[in-house]
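Okay, here's what each chain looks like letter by letter:
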Amino acid sequence: MVTEYKEAKMSEKLNVEEVEERIKCSREMIEHEALMFYSIFDEARKAGLDFEEVLREAVRSCSYYEGKDIASACTNIDDLKVFGESFADEFWSAIHDMEILEAEKDKLKINFHSCAYVDAWKKIGVSQEDMKLLCDVLMDGDRCIAKSLNYKFVLGKTIAEGNPVCELDFNK
């Protein structure tokens, strides 16, 4: 997927190294966000606080605005194929190594072949159990976006569970 993005950008006469650097920097920013997210969770846990619902609400709140941005970029929000063009645009597809498996009016199936969050958590030794929980909390963002647009969202396998991909399905 990243290679396809680089080739597409090359055909637009962009510098391949510049594209690679932007993708690398974006992944690093996401990893930093992941470390901050985990640190807040871990410090709350050490203090004896049940912080999960607060994190979920924060993710949903943030995703409300993200969903509005995606919706405003769509020419036809009732068409999941069109939604997919905004949700999984070239930039984000390259960062997360996304693969669109199916894109139709009523169905969108995407596999993510990499996750900067999991990459960051693994670097600092976060347990599989905590990664699964934090992943599920973060996926509330996608659930919220789907709900705000009257889509159904199904999360299949995840990288945080040890699978090679994250499976995201949006349906009408």
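Residues numbered from 1 in each chain as written. Predicted model: local features only at pLDDT ≥ 70, side-chain atom pairs only at ≥ 80, totals over all residues. Heavy atoms only, no water.

**Quick look at helix α7 (residues 128-148)**
Residues spaced three or four apart along an α-helix point in a common direction, a consequence of the helix completing one turn every 3.6 residues.
Then step 1. An ideal rise of 1.5 Å per residue puts 30 Å on 21 residues; α7 measures up with 30 Å between its terminal C-alpha atoms.
Then step 2. A positive backbone phi angle near 60° is found at N150, which sits one or two residues after α7. (Helix = DSSP H or I, 4+ residues; strand = E, 2+ residues; numbered from the N terminus. Expected span 1.5 Å × (residues − 1).)

**Looking at the confidence of the model for the protein chain**
Then step 1. In the predicted model, the protein chain carries a mean pLDDT of 89, and the fraction of residues at 70 or more is 92%.
Then step 2. In the model, residues 1-7 has pLDDT below 50 throughout and makes 14 contacts with residues more than four positions away in sequence or in other chains. (pLDDT = per-residue confidence, 0-100. Contact = heavy atoms within 4.5 Å.)

**Focus on the environment of A58**
Then step 1. Tracing the chain through its elements places A58 in helix α3 (residues 52-73).
Then step 2. Note on A58: relative accessible area 45%, which makes it partly exposed. (Buried < 20%, exposed > 50% of the residue type's maximum accessible area, 1.4 Å probe, protein only.)

**Points about the packing of aromatic side chains**
Then step 1. Here the structure, examined in full by the defined rule, presents 9 aromatic pairs.
Then step 2. On the numbers, 5.0 Å between centres and 65° between planes, the contact of F83 with Y151 is edge-to-face. Taken together, the residues F83 in helix α4 (residues 80-87) and Y151 in the loop between α7 and β3 (152-155) connect sequence positions 68 residues apart. With respect to class, F83 is no different from Y151; both count as buried.
Then step 3. Here F91 and W92 contribute two aromatic rings whose centre-to-centre distance is 5.4 Å and whose plane-to-plane angle is 75°, an arrangement assigned as edge-to-face.
Then step 4. For F91, a relative accessible area of 31% corresponds to the partly exposed category. (Phe/Tyr/Trp six-rings, centres within 6.5 Å; stacked < 30°, edge-to-face > 60°.)

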